Amino acid sequence: MRTLIAKTARTLLLCCLLLGGPAAPVFAQQENPKVLMIGIDGCRFDAILYSQAKLLKQYIKDGGHTDKCDVLDNIPTKADTASGAGWSSILTGVWADRHNVLGNDFAGNRLKDCPSILHLANRTNPKLQCIALATWQPIHEHICQRHDGCRFVFDGDKKGYKDGDRVMTQAAIDVLKTENPDLLFLYFGHLDSVGHGYGFHPKSPKYTNGIEEIDDHLIRIVKALDARPKRGTEDWLVMFFTDHGGQGKGHGGGRTVPEIRTGFLILHGAAAARGKITDKVTNVDIVPTALTHLGIAIDPNWRLPGRAVGLKKRQK
Ligand SMILES: [Zn+2]
């Protein structure tokens with residue numbers, strides 16, 4: 001079935017080219033593409049490098065990355081460097097001029113008109129298994145609009161994100177062991193709490209310890225991924241990104257503060273172009289990059305402002 005889909009996609013692409021259709025960039029397309037999207041709230045890239053995080057640093061070395069991923073629009077809107085605005089842009093692929101989430105207050109949001117990546121993927125291919133594991137309620141309630149695949153696995157606000165990350169990690173391992181996800185989004189929330197308590201900075205030992213703690217979770221998750229029976233035929237693209245950085249013990253009002261406004265994107269897997277991504281990258285490029293890897297053509301009617309970045313060109 002997947003072969004048939006790939007063949008159909010290639011035929012459509014050929015027709016498009018012959019008929020002089022829109023010249024979209026063409027990337028490597030494998031038989032069984034899958035995406036693991038990992039969001040780390042309030043993570044600074046310089047602190048990853050300063051930490052002892054084994055997996056993240058290995059993936060930076062072996063994969064592609066940029067340490068200059070803009071988390072805000074240049075339109076400009078009144079969106080703040082806050083989690084609500086940040087995760088809304090990341091998961092819908094549009095800025096606040098469309099979703100109208102300006103901070104952590106979701107009142108007046110227009111997310112109903114801004115489908116999440118889970119909705120966009122399933123709108124194109126209802127058979128794709130799209131799963132998101134959230135510990136922050138608004139991701140489930142507002143941003144993913146209670147998509148069937150979005151699971152609120154733990155209430156981090158009420159019970160703490162340290163336990164939230166642990167529970168979410170176990171849920172991710174269970175999904176990888178017992179289900180067949182094509183797109184899996186995981187949300188880590190504890191590091192942001194650590195930053196608010198002890199400072200968002202590479203020289204804040206509690207903060208770098210927080211990154212190492214996530215890294216330990218990631219090692220277990222990747223182990224579960226690699227143990228999948230059909231791992232050899234699955235072309236996983238693993239992506240890491242954040243909603244904002246931080247300065248001092250906060251991250252609000254960071255539109256003009258590089259330490260807050262600058263995020264990162266790390267891509268790992270056979271489809272990721274190795275080395276530094278030199279193109280300008282923003283957080284609305286995350287959705288088109290993931291969808292492109294899944295072989296989903298970006299519909300112009302979606303009016304996504306971003307585009308796929310950091311993927312290998314098709315070898316042909
Ligand atoms: Zn945040």
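It should be noted that the structure appears before, not after, this text.
Sequence order sets the numbering: in each chain, residues are counted from 1 along the sequence as written. Only residues with pLDDT of at least 70 get local features here, since the model is predicted, and only at 80 or more are side-chain atom pairs given and counted; chain-wide, interface and lining totals rely on the full set of residues. With hydrogens and water set aside, each side-chain value is computed from the structure's full complement of heavy atoms.

Metal-coordinating donors are taken as N, O and S atoms lying within 2.8 Å of the metal, or within 3.2 Å when the metal is Na, K or Ca; because water is left out, some sites can appear incomplete. Here the zinc ion is held by D41 (OD), S83 (OG), D243 (OD) and H244 (NE2), and the distances to it run 2.0 to 2.1 Å. Taken together, the 4 donor atoms coordinating the zinc ion span angles of 93 to 121° at the metal, a pattern that classifies the geometry as tetrahedral. Sequence positions of the donors to the zinc ion reduce to the motif D-x41-S-x159-D-H. Placement of D41 in the loop between β1 (33–40) and α2 (45–50) and of H244 in the loop between β6 (235–241) and α12 (258–261) is noted, with a sequence separation of 203 residues between them. In this pair, the class of D41 matches that of H244, namely buried. Geometry assignment treats four donors as tetrahedral when all angles are between 85 and 135 degrees, treats four as square planar and six as octahedral when opposite donors are over 155 degrees apart and all others between 65 and 115, and treats everything else as irregular. Helix numbering and strand numbering both begin at the N terminus, where a helix is a DSSP run of H or I of at least 4 residues and a strand a DSSP run of E of at least 2. Exposure is judged per residue with a 1.4 Å probe applied to protein chains only, and the accessible area is read against the type maximum: over 50% gives exposed, under 20% gives buried, and values in between give partly exposed.

For helices, the fitted line uses only the C-alpha atoms of the stretch in contact; every axis is such a line through C-alpha atoms, and the angle between N-to-C directions lies from 0 to 180 degrees. It is at 11 Å that the axes of helix α6 (residues 117–124) and helix α13 (residues 286–293) come closest, and there the two elements cross at 30°. Viewed along their axes, α6 and α13 form a crossing whose handedness is right-handed. Where α6 abuts α13, its residues I117, L120 and A121 lie against V287, A290 and L291. Gly falls in the polar group here, along with every residue not listed as nonpolar (Ala, Val, Leu, Ile, Met, Phe, Trp, Tyr, Cys, Pro) or charged (Asp, Glu, Lys, Arg). The residue makeup of the contact of α6 with α13, split by class, is 6 nonpolar, no polar and no charged. A crossing counts as left-handed when the near helix is turned anticlockwise from the far one by less than a right angle, and as right-handed when that turn is clockwise. Whether two residues touch is decided by their heavy atoms; if any such pair falls within 4.5 Å, the residues are in contact.

Counting buried positions over the 8 residues of β1 gives 8, a clear majority of the element. The two faces of β1 match: P33, V35, M37 and G39 on one face and K34, L36, I38 and I40 on the other face are all buried. In this analysis, strands are considered paired if DSSP registers two or more bridges between them. Here β1 pairs with β6 via 7 bridges, running parallel. Pairing of G39 across the sheet is with F241, part of β6. Bridge count between β1 and strand β5 (residues 183–188): 6 bridges; the pairing is parallel.

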